[in-house]
Amino acid sequence: MGNRIALTGNEAVALGMKQIAPDVVAAYPITPQTEVVQIFSQYVADGDVDTEFVTVESEHSAMSAALGASAAGARAMTATSSNGLELMFEVVNITASLRLPIVMPIVNRAITGPINIHCDHSDVMTIRDSSWILLFGENAQEAYDNLLMANRIAEHSDILLPVAVNMDGFIISHAVENIEIVEDEVVKEFVGDYYPEKYLLDAANPITMGPVDLQDYLFEHKRQQIEAIKKVSGVVRQVSQEFAELTGRHYDLFEEYRLDDAEVALIAIGSTAGTAKAAIDNLREQGIKVGLLKIRLYRPFPAKEIVEALKGVKTIGVMDRAESYSNTGGPLYADIRAAMYDVGGTAQVMNIVYGIGGRDMTVRDLENLITQLQKVTETGEIEERIIHYGVRD
Amino acid sequence: MATLKELATRDGKFCGGHRLCPGCGAGIVTRQVLAAAKDNVVVGCATGCLEVSTTIYPYTAWNTSFIHNAFENAAATTSGVEAAYRALKKRKKFGLEDSKYNFIAFGGDGGTYDIGFQSLSGAMERGHRMLYVCYDNGAYMNTGIQRSSATPLGADTTTSPAGKEIPGKVQYRKELTDIIAAHYIPYVAQASPSNWKDLTRKVEKALSIDGPSFINIISACPRGWRIPEDQGLELHRIAIDSCFWPLFEIEDGVKYTINYKPKTKRPVEDWLKPQGRFKHLFKPENRYLIAEEQKRIDERWEMLLRRAGELD
Amino acid sequence: MGDSVKKPGWKDIPIGGRIEDAGNSQKYYVGGWRTRRPVWIKENCIHCLFCWVACPDAAIVVEDGKIQGFDYDHCKGCGICARECPAKSPAIQMRSENIEDQFDS
């Protein structure tokens with residue numbers, strides 16, 4: 001077993017990167033991810049890790065260099081937040097399309113307009129259709145654990161897609177927690193070495209990557225991507241199982257918290273899940289049958305499994321920390337509603353858009369919300385299906 | 001320096017059957033650059049004519065490892081390849097310990113002077129062991145001849161058209177070679193495929209350096225320049241003799257060497273006249289632009305001579 | 001040489017658009033682009049290789065440092081080779097790409 005030490009989310013992720021010791025890291029600082037880059041730089045400067053650290057001049061070049069490194073045959077990582085992700089957006093898509101298993105922690109922060117450095121999920125939601133695998137954690141421990149599992153998922157021969165390990169900016173990235181650290185040697189063995197089948201530095205077998213792919217072939221290459229996406233859930237479960245055997249910490253595609261007999265369910269992503277658990281515990285004491293489904297794997301979306309887990313729930317409150325500006329609520333809400341369609345069912349599904357630009361979501365807020373959802377369960381009446389919670393009129 | 005016979009034995013890294021236009025300068029530039037490389041090569045390429053015409057799936061003209069990422073990031077992508085090489089060599093993976101590799105990025109002027117400028121500057125500043133080759137044909141030819149910051153003054157392009165009010169491009173081109181030299185990297189040069197000896201020597205020198213290098217190479221585009229397909233190299237010679245495209249090199253940001261001095265400098269009109277894109281400049285009302293271009297070329301040539309210590 | 005055969009499905013091609021057959025553009029015929037063809041006049045050739053180094057299409061065949069002729073599958077007929085030929089009596093002539101002319105080449 002490992003050690004328990006007090007670390008912030010950023011420190012935990014930087015430590016995880018050191019333990020993985022990728023061949024190449026190319027990254028650029030941005031609040032609230034900056035510490036990850038700084039701490040990793042110090043590791044490199046002190047000789048604690050022999051990774052080639054490429055101090056690029058932008059996030060666009062961070063992902064471009066990571067892509068080049070990965071294509072060359074290296075295990076490559078980067079890390080970013082918010083506008084950094086938006087700047088690298090073009091290459092984020094190319095990375096997935098070229099099937100390069102890059103791993104990237106994203107410290108989630110509102111995207112600018114106007115500028116705001118605090119947490120919401122508007123950054124990562126812009127890459128939800130990129131075929132990146134998106135993992136989320138509730139706290140620093142989960143961010144660290146997800147990171148240790150990410151390469152195994154990304155580099156699996158059935159997958160070969162990049163993975164983003166998400167954690168909430170400041171709330172997780174800057175808060176100190178007691179974290180169980182896996183020993184260096186154990187990480188090394190668990191993550192293993194990366195041996196791509198084809199790579200640029202194989203002089204005996206030269207390849208062309210990123211060609212012009214027109215109407216006669218691009219569709220076939222996209223179909224291959226779909227095939228890999230279909231297999232992600234299985235691989236995530238398999239890798240998580242192995243991780244559990246190693247650490248005793250169990251992870252699945254999502255976490256069910258007091259959901260078995262629940263009539264009201266919250267669905268949340270990120271640190272709010274932790275707050276929700278506290279609210280649920282309080283209201284359970286008052287006899288309200290409420291539970292939580294916490295998303296871990298957001299892309300690809302485990303729709304079938306989620307619907308199964310929600311069986312018997314009468315009112316579902318989907319918590320979105322981002323808007324989609326479509327008049328149809330946040331992105332998670334759209335996913336859940338689409339998933340529920342196939343099973344018919346009579347559950348009421350509501351959307352709570354919250355926490356934009358880092359606005360607090362307290363236990364009291366969540367208790368309020370659960371009480372409202374409970375009222376819907378009892379009366380069947382819904383005033384507004386999409387609630388922008390905590391915004392001033 | 002390699003002779004043509006030796007170079008011919010190193011041919012084959014860039015194959016026929018690509019779909020560049022007949023007489024395209026980029027094809028000549030690429031063949032000459034790659035023939036000068038003795039070791040294994042990984043090519044990074046910006047979006048542009050060279051890339052789209054040489055890698056139309058399922059065909060590739062590259063008989064060496066090649067990666068295209070996007071338009072503006074050939075330098076960053078190649079820097080990642082180079083970093084991977086250093087990492088994997090250090091970690092003794094894939095038997096790379098005793099290998100020798102050259103990392104060469106290609107970009108047109110659009111992908112280099114304009115959209116890829118930041119990526120290039122970053123890669124040069126970081127000191128990656130890579131050669132960046134810009135094939136400068138003076139416009140976005142791939143998308144149909146739009147002006148770039150490399151487009152010469154007065155050129156008629158589809159986004160700087162010669163019209164009733166505006167006589168083509170109203171700005172001077174920017175001198176990217178000088179800008180890259182200001183990074184004080186080991187080696188920067190300007191070359192032309194019409195002088196293969198000079199070009200080959202420069203590429204060999206660039207590839208022998210343990211650090212970044214940049215070579216800006218003029219590259220005729222028969223369509224964009226509106227010249228016959230067989231005239232490209234001849235036009236390059238006039239570009240050199242008129243000092244529109246001087247052949248020079250800069251070591252470590254400070255040591256300037258002029259590699260070729262025309263016995264008699266040809267007037268810029270000789271360079272402009274054969275090209276359809278400058279036709280309108282010869283109308284009486286536009287001739288002032290020719291005088292301005294001549295003045296700019298003279299001033300720049302004098303500056304280069306002075307820096308090279310050839311003028312007092 | 002076009003693509004008359006049925007194209008492969010998604011299970012039968014490398015992932016990510018990778019091309020694993022380096023230099024296979026040589027299987028692609030662009031000779032049909034020509035309106036003029038270069039014709040090599042062997043007896044005039046001084047084997048200086050100036051045409052070889054100037055060809056954008058890698059369409060001049062050299063073996064042991066000697067010109068062997070043209071690769072007409074890949075020559076697009078730009079004519080740069082003929083212009084660059086320094087031989088006193090030109091060793092490359094551009095001729096119209098039509099049936100009659102092909103007979104006397």
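Residues take numbers from 1 onward in each chain, read along the sequence in its written order. Note on labels: chains are lettered from A, ligands numbered from 1, in written order. Per-residue local features are limited, in this predicted model, to residues with pLDDT of at least 70; the limit for side-chain atom pairs, both in listing and counting, is 80 or more; totals at the level of whole chains, interfaces and linings are taken over all residues. Only hydrogens and water are set aside; all other atoms, that is, all heavy atoms of the structure, feed into the side-chain values.

Quick notes on the interface of chain B and chain A
Facing the 43 residues of chain B at the interface are 47 residues of chain A. Computed with a 1.4 Å rolling probe, the buried area is the accessible surface lost when two parts are put together, summed over both parts. Together, the buried faces of chain B and chain A total about 3,500 Å²; carbon and sulfur atoms form 58% of this surface. Within this document, salt bridges are pairs made up of a side-chain nitrogen of Lys or Arg and a carboxyl oxygen of Asp or Glu, the two lying within 4 Å of each other. Here chain B and chain A share five salt bridges between them. Between aspartate 23 of chain A and arginine 91 of chain B there is a salt bridge, with the nearest N and O atoms lying 2.8 Å from each other. Polar contact criterion, stated in full: a pair of N or O atoms within 3.5 Å, where within protein one must be able to donate a hydrogen and the other to accept it, and residues adjacent in sequence count only if both atoms are side-chain atoms. Summed over the shared surface of chain B and chain A, the number is 22 residue pairs in polar contact (both at pLDDT 80 or more). The helix and strand labels rest on DSSP assignments: H or I over at least four residues marks a helix, E over at least two residues marks a strand, and numbering proceeds from the N terminus. Secondary structure elements with two or more residues in the side of chain B that touches chain A: strand E1 (40-45), helix H3 (49-54), strand E2 (65-68), helix H4 (74-90), strand E3 (101-108) and helix H6 (117-126) of chain B. When residues are sorted by character, Ala, Val, Leu, Ile, Met, Phe, Trp, Tyr, Cys and Pro go into the nonpolar class, Asp, Glu, Lys and Arg into the charged class, and all the rest, Gly among them, into the polar class. For the side of chain B that touches chain A, the class distribution of residues is 20 nonpolar, 16 polar and seven charged. Of the strand pairs in this sheet, strand E9 (residues 208-209) of chain A and E2 of chain B are connected by two bridges, and their pairing is parallel. Counted as the bridge partner of methionine 209 of chain A is isoleucine 67 of chain B from E2 of chain B. When checking whether two residues touch, look at their non-hydrogen atoms; a contact exists if any pair is within 4.5 Å. A pair of strands is labelled paired if DSSP reports no fewer than 2 bridges between them.

Observations regarding the sheet that holds strand E5 (residues 187-191) of chain B
Judged by pairing direction, the sheet is mixed, and its nine strands sit side by side in the order E9(A)-E2(B)-E1(B)-E3(B)-E4(B)-E6(B)-E5(B)-E7(B)-E8(B) without closing on themselves. Only two strands of the sheet have a single partner each, and these edge strands are E9 of chain A together with strand E8 (255-258) of chain B. When E3 of chain B meets strand E4 (residues 131-136) of chain B, the two strands line up parallel, connected through five bridges. Looking across to E4 of chain B, one finds that glycine 108 of chain B is bridged to tyrosine 135 of chain B. The axes are straight lines fitted to the C-alpha atoms, using for helices just the contacting stretch, and the angles between their N-to-C directions are given from 0 to 180°. Against the sheet, helix H2 (residues 25-36) of chain B contacts E1, E3, E4 and strand E6 (213-218) of chain B, and its axis sits at roughly 165° relative to E3 of chain B.

Re the interface of chain C and chain B
Each partner contributes residues to the interface: chain C has 38 residues there, and chain B has 35 residues. Interface area for chain C against chain B, summed over the two sides, is near 3,200 Å², with a carbon-plus-sulfur share of 59%. Three residues, Trp52, Val53 and Arg83 of chain C, lead the burial of chain C against chain B; their summed loss comes to 20% of the area buried on that side. Scanning the region where chain C abuts chain B turns up one salt bridge. Here arginine 237 of chain B makes a salt bridge to glutamate 84 of chain C, at a shortest N to O gap of 2.4 Å. Inspection of the chain C/chain B interface yields 17 residue pairs in polar contact (both at pLDDT 80 or more).

Digging into helix H6 (residues 140-155) of chain A
Residue and element names in this part refer to chain A. Working rule for helices: expected span equals 1.5 Å times residues minus one. Look at H6: 23 Å from first C-alpha to last across 16 residues, which is about the 22 Å you get at 1.5 Å a residue. The largest bend in H6 amounts to roughly 35° and is located at methionine 149. We call a residue buried when its accessible area falls under 20% of the maximum for its residue type, exposed when it is over 50%, and partly exposed in between, using a 1.4 Å probe and counting protein chains only. With 16 of 16 residues buried, H6 lies mostly within the body of the structure. Here H6 starts with a cap whose side-chain oxygen sits 3.3 Å from the backbone nitrogen of glutamine 141, and that cap is asparagine 139. Two axes enter the definition of the bend at a residue: one is fitted to the seven residues ending there, the other to the seven starting there, and the bend is the angle between them.

Some details on the pairing of strand E7 (residues 248-251) of chain B
All names here are of chain B. A two-sided burial pattern is seen for E7, the buried positions comprising Phe248 and Ile250 on one face and Glu249 and Glu251 on the other. Relative to E8, E7 runs antiparallel, the two being bridged by four bridges. Residue glutamate 251 lies in a different strand from E8, and its bridge partner there is lysine 255. Following E7, the chain reverses through three residues before pairing antiparallel with E8; aspartate 252 in that reversal takes a positive phi of roughly 55°.

Structural notes on the sheet that holds strand E14 (residues 315-320) of chain A
Where strands meet in a sheet, backbone hydrogen bonds hold them as pairs that are either parallel or antiparallel. Residue and element names in this part refer to chain A. Overall, mixed pairing links the six strands, which are arranged E10-E12-E11-E14-E15-E16 in an open sheet. What marks the edges here is a single partner per strand, and that holds for strand E10 (254-257) and strand E16 (386-388). Averaged over all pairs of adjacent strands, the angle between strand axes in this sheet comes to 20°, irrespective of strand direction. Sheet analysis places strand E15 (residues 348-353) next to E16, joined by three bridges and oriented parallel. The residue of E16 that forms the bridge with isoleucine 352 is isoleucine 387. Across the sheet, helix H12 (residues 331-341) lies against strand E11 (264-269), strand E12 (290-295), E14, E15 and E16, angled at about 145° from E14, the strand it touches most.

What to know about the pattern of salt bridges
A full pass over the atoms with the stated rule returns 48 salt bridges over all chains. Aspartate 261 of chain A is paired through a salt bridge with arginine 284 of chain A; the nearest N and O atoms lie 2.9 Å apart. Of this pair, aspartate 261 of chain A sits in the loop between E10 and E11 while arginine 284 of chain A sits in helix H10 (residues 272-285), placing them 23 residues apart in sequence. Taking relative accessible area as the criterion, arginine 284 of chain A reaches 16% and is therefore assigned buried. Note that glutamate 302 of chain B is salt-bridged to arginine 306 of chain B, the shortest N-O span being 2.9 Å. Of this pair, glutamate 302 of chain B and arginine 306 of chain B both sit in helix H12 (residues 287-307), four residues apart, which is roughly one turn of the helix. Here glutamate 302 of chain B falls in the partly exposed class, since its relative accessible area comes to 37%. One connected set of salt bridges, linked through shared partners, spans Glu138, Glu142, Glu255, Lys277 and Lys294 of chain A.

Considering the domain arrangement of chain A
Residue and element names in this part refer to chain A. In terms of domain boundaries, chain A breaks down into domain 1 (3-247) and domain 2 (254-388). The domain limits used here are those given by an automatic or database domain assignment. If you average the C-alpha positions of domain 1 and of domain 2, the two centres end up 28 Å apart. The interface of domain 1 with domain 2 comprises 29 residues on the first partner and 24 residues on the second. Of the roughly 2,100 Å² buried where domain 1 meets domain 2, counting both sides, 56% is carbon and sulfur surface. When residues of domain 1 are sorted by the area they lose upon contact with domain 2, Arg128, Phe136 and Glu138 head the list and together hold 28% of the total. Taken together, the links from domain 1 to domain 2 amount to three salt bridges. Residue lysine 277 pairs with glutamate 138 through a salt bridge whose shortest N-O separation is 2.7 Å. For the pair domain 1 and domain 2, the number of links is 15 residue pairs in polar contact (both at pLDDT 80 or more). Looking at the side of domain 1 that touches domain 2, the elements that each hand over two or more residues are strand E6 (133-136), H6 and helix H9 (232-247). Counting residues per element, the side of domain 1 that touches domain 2 draws most heavily on H9, which supplies five residues.

Topic: the environment of aspartate 57 of chain C
As for its placement among the helices and strands, aspartate 57 of chain C is situated in the loop between helix H1 (50-54) and strand E2 (60-63). Residue classification places aspartate 57 of chain C among the buried residues on the basis of a relative accessible area of 2%. A C-alpha to C-alpha distance of 32 Å links aspartate 57 of chain C and tryptophan 10 of chain C, two positions 47 residues apart in sequence. Sequence-distant contacts of aspartate 57 of chain C, that is, excluding residues within four places in its chain, are made with Gly16 and His18 of chain B together with His74 and Lys76 of chain C.

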